[in-house]
Amino acid sequence: MAMNTMSSLFASLSFSFFFLLVQSQARGLGRVAPALYVFGDSVMDPGNNVFLNTRVKVNFTPYGIDFPGGPTGRFTNGYTIADFWYKWSNKRSHKPVPLPYLHPLSKEKSNTKGFNYASGTAGILPNTSCNIGENLPLGQQVKLFKETVEQYLPSLGAYNNRAELSNALSKSIFVVCMGSNDYINYLEPGSNTSKLYNAEQFGEFLVNELGNHLQELYNLGARKFVVFEIAPLGCLPDVIDKTKPSTICDEQINGLVSIFNTKLGVKLNELKSILNGPTFVTAKSYRFIHNIIHAPLHHGFSDSRQPCCASEIDGSGDCKPGTVPCQGRDSHVFWDRVHPTEALYKRIASECFNGKGLCSPMNIIQLAGKL
C-alpha cells in the first residue's frame, strides 16, 4: 500500500513539474512562424471528419471533455499536438485554435495563420480505409493546400505580390503525421497491400509515396518540415487485446513500423540533398512513446495500458457516446483504445517545441529561427 502511495505521489509531482515547465516555456513567446500547416490522420484531426460522409467521427461526449466548448471532432479528450503548437506559437496563447479546414466558417475571416487538413482514418495511400467511409488522404490534403496557396491566400490582399507570399510560406512550418492507418490496413487479413508487398517492400513503397507528397509541398512553397515517425502501433490497447502478446507490446507489429521509420530518415536525407534549401525535422515519436508505455511512472504517468473511456462494441476502438471517462486523465497515456490523451500529446508537443532529442536535428523554435 505504501509503495502504491509513493508511486502515485511520484507521478503526481512529475506531472505537476512538467505542467509548470510547459507553462513557463510557452509564456512570453512571440509568433515563431508566419503560419502552421498541418497534414495528418486522427492524431492531428481537429474535426474535418465531421464534414465528411463517414461514420468515423467523434463529435460527441466524452470526446472533448477537456476542450473549451466540448466535442469538436478531435479524437481525444482535449487539445492535440498541433493545437498546442499553434497556441504556443502565438503571442496570445488564449486565442482559440483554428477551425478545421472543412468547417464552413474556417475561411470566413482572413486567415494567414495556417490551416489543419488532417482527417481521421486517412493514410499516405489514396485508398487507405476507404471501405469505412470518406477521408482526406494525404494527396487530397496536399491538393487542398494547393487551393489555399493559389486561390485563398492571394484573395486576402495580405500579400503585395507573389514573392511576399512565397517568403511567408518559406518561413511557415509544415507538419506531416501519416502512415499509421496504412499499416493498420496492411495488417488486416487478406489486405491487398500485404498480398502485393512483403514488409520490407511495403515500408519502401510507403516512404516513397510520402516523399512524393513532401516534394509536392516543397513545389508549392514549403521549406520547413516536421515529419512524424509512425508510433508503436503494437502498443495500442486495441492491438494488444486482439493479438495478446506475451510482452507489454506486440513487438512483431512494432517491427513492421520500425522498417518504415528507418527508411523515413533515409528518404528525408535524400530529399534534402536533391532539393534546394528545405529543412526536415524528424519527430522521433516511436521510441519516445515506447519508453513511456514501458515505464509510465518514470515519465509522470500512472497507467499506460487501460484507456480512459469505455469502448464501443463495434470494434472501432472509439468511446461509447455519453459515457463518463476516468477522473485521472492527466495520468493516463491512452484516451480510447487507439488514441492518446491530451496529457501525452502535451508531452510530445512540449518536447518537440523547445526540448531536445524528440525532434531531430532541431526543435520547432530552432526550426522557426533557421534562415
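Look a little higher up for the structure.
Numbering of residues begins from 1 in every chain and follows the order in which that chain's sequence is written. pLDDT decides what is reported in this predicted model: residues at 70 or higher carry local features, side-chain atom pairs at 80 or more are listed and counted, and totals for whole chains, interfaces and linings draw on all residues regardless. In computing side-chain properties, one takes all heavy atoms of the structure into account and sets aside hydrogens as well as water.

Caption draft 1: Just the state of the cysteines, in detail. Note on terminology: pairs of cysteine sulfur atoms within 2.5 Å are recorded as disulfides. Scanning all chains against the criterion turns up four disulfides. Between Cys-235 and Cys-249 runs a disulfide, and the two sulfur atoms are separated by 2.1 Å. Taking the torsion about the S-S bond as the criterion, the Cys-235 to Cys-249 disulfide, at about 110°, is right-handed. Here Cys-235 is found in the loop between strand S3 (224-228) and helix H8 (237-243), whereas its partner Cys-249 is found in the loop between H8 and helix H9 (251-274), with 14 residues between them in sequence. Secondary structure elements are taken from DSSP: a helix is a run of H or I of four residues or more, a strand is a run of E of two residues or more, and numbering for both begins at the N terminus.

Caption draft 2: Local environment of the nonpolar core. As used here, the term nonpolar core means buried Ala, Val, Leu, Ile, Met, Phe, Trp, Tyr and Cys residues forming a set that is joined through side-chain atoms within 4.5 Å. For every residue, the accessible area obtained with a 1.4 Å probe (protein chains only) is divided by the maximum for its type, and the residue is called buried under 20%, exposed over 50%, and partly exposed between those limits. Residues Tyr-37, Trp-85, Phe-145, Val-226 and Phe-228 are the most contacted members of the largest nonpolar core, which totals 96 residues. For this analysis, residues touch if any pair of their heavy atoms sits within 4.5 Å. Aside from chain neighbours lying at most four places away, what touches Phe-228 is Met-44, Ile-81, Trp-85, Val-175, Val-176, Cys-177, Leu-264, Ala-283, Ser-285 and Ile-348. Residues Val-56, Tyr-63, Cys-309 and Trp-335 belong to the second largest nonpolar core, which totals nine residues.

Caption draft 3: Looking closely at the packing of helix H10 (residues 285-294) against helix H11 (residues 342-354). Note on definitions: angles span 0 to 180 degrees between N-to-C directions of axes, and those axes are lines fitted to C-alpha atoms, for helices only across the stretch in contact. For the pair H10 and H11, interaxial distance at closest approach is 12 Å and the crossing angle is 135°. Here H11 runs oblique to H10, going by the angle between their axes. Crossing hand, H10 versus H11: right-handed. Seen from H10, the contacting residues are Phe-288, Ile-289 and Ile-292; seen from H11, they are Leu-344, Arg-347, Ile-348 and Glu-351. Class assignment of the residues belonging to the contact of H10 with H11 gives a composition of five nonpolar, no polar and two charged. Should an angle lie under 35 degrees it is considered roughly parallel, over 145 roughly antiparallel, and from 65 to 115 roughly perpendicular; all remaining angles are considered oblique. Helix crossings fall into two classes, left-handed where the near helix is turned counterclockwise from the far one by less than a right angle and right-handed where it is turned clockwise. Three residue categories are used. Nonpolar comprises Ala, Val, Leu, Ile, Met, Phe, Trp, Tyr, Cys and Pro, charged comprises Asp, Glu, Lys and Arg, and polar comprises the others, including Gly.

Caption draft 4: Examining the packing of aromatic side chains more closely. Each Phe, Tyr or Trp ring (for Trp, its six-membered ring) is paired with any other whose centre lies within 6.5 Å, and the angle between the two planes then decides the class: stacked below 30 degrees, edge-to-face above 60, tilted in between. Within the structure shown, the criterion is met by 26 aromatic pairs. When the centroid spacing of 6.1 Å and the interplanar angle of 40° are considered together, the rings of Phe-174 and Phe-225 count as tilted. Note that Phe-174 is positioned in strand S2 (residues 173-177) and Phe-225 in strand S3, a separation of 51 residues in sequence. Of the residues examined, Phe-174 reaches a relative accessible area of 0% and is grouped as buried. When the ring of Tyr-183 is compared with that of Tyr-186, the centres are 6.3 Å apart and the planes differ by 65°; the resulting orientation is edge-to-face. One end of the pair, Tyr-183, and the other, Tyr-186, are both in helix H5 (residues 180-186), three residues apart, so they sit about a helical turn from each other. Among the aromatic residues, those joined into a cluster by ring pairs are Tyr-37, Phe-39, Tyr-101, Phe-115, Tyr-117, Phe-145, Tyr-152, Phe-174, Phe-225 and Phe-280.

Caption draft 5: Broad picture of the side chain of Asn-48. Tracing the sequence through the fold places Asn-48 in the loop between strand S1 (36-40) and helix H2 (81-88). Under the relative-accessibility criterion, Asn-48 is labelled buried at 0%. Once residues within four sequence positions are removed from consideration, Asn-48 is found in contact with Pro-100, Tyr-101, Leu-102, Asn-116, Tyr-117, Ala-118 and Leu-136.

Caption draft 6: Representation of helix H3 (residues 138-155) in the model. How far a helix is expected to stretch is found by multiplying one less than its residue total by 1.5 Å. Counted at 1.5 Å a residue, the expected span for H3 with its 18 residues is 26 Å, and the 25 Å between its end C-alpha atoms agrees. Roughly 40° is the biggest bend found in H3, and it falls at Thr-148. Restricting attention to buried positions, one finds in H3 the residues Leu-138, Gly-139, Gln-141, Val-142, Leu-144, Phe-145, Thr-148, Val-149, Tyr-152 and Leu-153. Packed against the buried residues of H3 are S1, helix H4 (162-171), S2 and helix H7 (199-219). In the stretch just after H3, Gly-157 is the one whose phi turns positive, near 80°. Here the bend at each residue means the angle between axes fitted to two seven-residue stretches, the one ending at that residue and the one beginning there.

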